[in-house]
Every structure is written in structure tokens, then in C-alpha cells.
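Structural overview for review
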Amino acid sequence: MLSLDAVQWVVLSAALFLVGFSKTGVSGAGTVAIALFALVLPTRQSTGTLLPLLLVGDMVAVFSYRRHADWPRLIRLFPWVALGVVAGAFVVRWVDDAQMRRLIGVILVVIVVVHLWNRRRAQEDSLAHHRPVAALAGILAGFATMTANAAGPIMAVYLLAAGLPMLGFLGTSAWFFLTINAFKVPFSVALGLITPATLLFAALGTPAVLAGAAAGRAVIGRIDRTLFERITLGLTLLAAVRLLL
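Every residue gets a number counted from 1 within its own chain, in the order that chain's sequence is written. Confidence filtering applies because this is a predicted model: local features only for residues at pLDDT of at least 70, side-chain atom pairs given and counted only at 80 or more, and all residues used for totals across whole chains, interfaces and linings. Computation of side-chain values covers all heavy atoms of the structure but excludes hydrogens and water.

**Focus: the overall build of the protein chain**
Strands here are runs of E lasting at least two residues and helices are runs of H or I lasting at least four, both read from the DSSP assignment and numbered beginning at the N terminus. If you tally the helices and strands in the protein chain, you get 10 helices and 0 strands. Looking at the 245 residues of the protein chain, the share that counts as buried comes to 51%. Only heavy atoms matter for contacts: two residues are in contact if any of them lie within 4.5 Å across the pair. Considering only contacts in the protein chain between residues 6 or more positions apart, those separated by 24 or more positions represent 86%. Note on areas: Shrake-Rupley with a 1.4 Å probe; residue coverage comes only from the protein chains shown. Total accessible area computed for the protein chain in this model is approximately 11,400 Å², and 71% of it derives from carbon and sulfur atoms. Here the term buried applies to any residue with accessible area under 20% of the maximum for its type, exposed to any over 50%, and partly exposed to those in between, with areas from a 1.4 Å probe on protein chains only.

Right, here's the structure in full:
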């Protein structure tokens, strides 16, 4: 990481700001952060480097929205997410960096497509209450978070489809990601994704995450989320295409 140039440090700092912003504001910003990290750092390294910083953002989000979680829904999801995390850990163990880049790119494209598809069929939100849908969402979220830290958009689609109010969405997401990201830590250490170097980077990057979280809390009630969502999806898709090329 010490060999990164000034432009790369700026890109990573912006990505960390978006990590914090996504935790307390608009969740879609986190997908852009993941893509930016994977563009600057080797893909496997980016996954381990980002995880401790995601945990920082998760703790801020839980502190901010801790009273608004839908715990029955979370309890139903957790076993399926754990299954997805274990499956993702096996994939990470056996693929190389180039394959990881393509995998992250494919995951991001699929997330964008699913999100757009979900918006077109908003009248059928009740599907999110069916157990098979919850199981599928949990497995996909677990797999995506282990391989690419990319479960945010999957859970956003699922929770929005479930009809949660804004505070319920934020509180449920906060507790979900704090629990799941903490669950991933032993796997990431065993796979060599979290190292002393990544922890040092996390210490250096924490202020950017906290700044983003503060900005998210300040604007969540006033932001034009429709416009921001379109920009976020567009940037995510462009980043995904870049990873696939």
C-alpha cells in the first residue's frame, strides 16, 4: 500500500468516505466504494482491507439506529447468510486475483439488474415475506459479502421489498452488517485477507469513514434519493464493466 500514488490514495479516501456515508445514509454508495477499492488494490487484498473499515461504519450505524431493527426478520435471515458466507469462503480460497475481479464485476452487474427489476415490479413487494425468498436473499448476501463485501445492495433490495420504514430499514441493516461482518473476520484472517498491514490501513482510513458517516446522518432526511440512486447505479455499473474488461 505504501507504493500507491497520490491519485490512488485520493480514490481510496473517497471510497472510505462512501463506506461511512452508505452506513448512515444511502446504502447504494457502498457498492461504488467496493468497486473503487477493487480498481486500486489487488482484488483479494481489497476485500480484506475493506472489512475492518466496514466494521467501523457498522458500529457507527448501530449506535445511530440501534432501536429500530426488525429482529424477527434478522433471526430468520442469519442461518442462510452464514451458509452463504461459508460457501463464499471456499470460493475465495481457490480463485486467483483475476478471477476475483471478474467475480466482483459479475456480482455488481447482477445486483444492479436485480435492483432495477425489483423497482419495476414494486407492486409485488409481498414476495419478500415468503420464506424461500428470504432464504435465497440470505444465501446470496452471505456469498456476496464473503467474496466481495457486496451484500449491501442485495439486502437493500430485500428490505425495501419487505416494506420497512426508513428507520426500520436503517436499523435492521445496521445490526445485520455488524453481525455478519464480525462473523466473517475469522474466515478472512484464515484466508490471509486480514493482515497487520490491512489493520494499519484501517487505522489510517477510519477518519474518512467517520466523516462519511457524519455526512450520511446529516443528509439522510433531505437528500434527493431518486437522483442519488440513479447516479450510484450508473457508477456501479461502469465500475463493474471496468472490472470485467
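Back to the text.
**Examining the nonpolar core**
Nonpolar cores were defined as sets of buried Ala, Val, Leu, Ile, Met, Phe, Trp, Tyr and Cys residues, with membership established by side-chain atoms within 4.5 Å. By size, the foremost hydrophobic cluster in this structure holds 57 residues, and its most contacted members are Phe37, Met155 and Phe176. Setting aside chain neighbours within four positions, we find phenylalanine 176 in contact with Leu74, Phe78, Val81, Ala141 and Met155.

**A short note on a nonpolar patch on the surface**
Patches draw on residues past 30% relative accessible area with no salt bridge. Two like charges within 9 Å are joined, as are two nonpolar side chains (Val, Leu, Ile, Met, Phe, Trp, Tyr) within 5 Å. Take a side-chain nitrogen of Lys or Arg and a carboxyl oxygen of Asp or Glu: if they are within 4 Å of each other, that pair is a salt bridge. Where nonpolar side chains cluster on the molecular surface, the patch consists of Val106, Val110, Val114, Trp117 and Leu244 and spans about 420 Å² of accessible area. Sort the elements by how many residues they give to the nonpolar patch and helix 5 (residues 97–120) lands first, with 4 residues. Residue classification places leucine 244 among the partly exposed residues on the basis of a relative accessible area of 36%.

**Remarks on the packing of helix 4 (residues 71–94) against helix 8 (residues 166–190)**
The convention used is that axes are lines fitted to C-alpha atoms, helices contributing only their stretch in contact, and that angles between N-to-C directions extend from 0 to 180 degrees. As a packed pair, helix 4 and helix 8 sit with axes 10 Å apart at the nearest point and diverge in direction by 30°. One way to sum up the angle between helix 4 and helix 8 is to call them roughly parallel. When you trace helix 4 past helix 8, the crossing you get is right-handed. Along the contact surface, helix 4 presents Trp71, Leu74, Phe78, Val81, Ala82, Val85, Val86 and Ala89, while helix 8 presents Thr172, Trp175, Phe176, Thr179, Ile180, Phe183, Lys184 and Phe187. Each residue gets one of three labels, nonpolar for Ala, Val, Leu, Ile, Met, Phe, Trp, Tyr, Cys and Pro, charged for Asp, Glu, Lys and Arg, and polar for the others, Gly among them. Residue composition of the contact of helix 4 with helix 8, grouped by class: 13 nonpolar, 2 polar and 1 charged. The labels follow the angle: roughly parallel below 35 degrees, roughly antiparallel above 145, roughly perpendicular from 65 to 115, and oblique for the rest. Left-handed describes a crossing whose near helix is turned anticlockwise from the far helix by less than a right angle; the clockwise case is right-handed.

**So, the pattern of salt bridges**
Oppositely charged side chains can pair when the atoms bearing their charge come close. The full count for this structure, using the stated rule, is 2 salt bridges. Aspartate 58 is paired through a salt bridge with lysine 23; the nearest N and O atoms lie 2.6 Å apart. Here aspartate 58 is found in helix 3 (residues 43–65), whereas its partner lysine 23 is found in helix 1 (residues 6–24), with 35 residues between them in sequence. We note a salt bridge from arginine 73 to aspartate 70, for which the minimum N-O separation is 3.3 Å. With relative accessibility at 23%, the residue aspartate 70 sits in the partly exposed group.

**Overview of the environment of leucine 12**
With respect to the helices and strands, the residue leucine 12 is situated in helix 1. As a C-alpha pair, leucine 12 and leucine 36 span 24 residues in sequence and 7.0 Å in three-dimensional space. Those residues in contact with leucine 12 that sit more than four places away from it in its chain are Leu4, Phe37, Val40, Leu41 and Phe201.

**Considerations on the packing of helix 6 (residues 131–148) against helix 8**
The N-to-C vectors of helix 6 and helix 8 enclose an angle of 55°; their axes lie 10 Å apart at closest approach. Classified by the angle their axes make, helix 6 and helix 8 are oblique. Every pair of crossing elements has a handedness; the one defined by helix 6 and helix 8 is right-handed. Across the interface between the two elements, Ala141, Thr145 and Met146 from helix 6 touch Phe176, Ile180, Asn181, Lys184, Phe187 and Ser188 from helix 8.

**Focus on the UniProt feature "transmembrane region" (unreviewed entry) in the protein chain**
UniProt positions are given in the numbering used here, feature names are shortened, and annotations may be inferred rather than shown by experiment. The positions that UniProt labels "transmembrane region" (unreviewed entry) are, in the present scheme, residues 12–41, 48–65, 77–95, 102–118, 130–150, 157–178 and 190–215. Along residues 77–95 the backbone is 95% helical and 0% strand, and the end-to-end C-alpha distance reaches 27 Å. When the span residues 190–215 is considered, its composition is 81% helix and 0% strand, and the gap between its end C-alpha atoms is 34 Å.

**Description of the packing of aromatic side chains**
Classification of ring pairs uses Phe, Tyr and Trp, with its six-membered ring standing for Trp, and accepts pairs whose centres are within 6.5 Å; under 30 degrees between planes counts as stacked, over 60 as edge-to-face, and the remaining range as tilted. With the rule as written, the count across this model stands at 6 aromatic pairs. One aromatic cluster in this structure is built from Trp9, Phe37 and Phe201. Lying over the aromatic face of phenylalanine 63, arginine 66 brings its terminal NZ or CZ to 4.9 Å of the ring centre. By definition here, charges over rings are those cases where NZ of Lys or CZ of Arg is within 6 Å of the ring centre and within 35 degrees of the ring normal.

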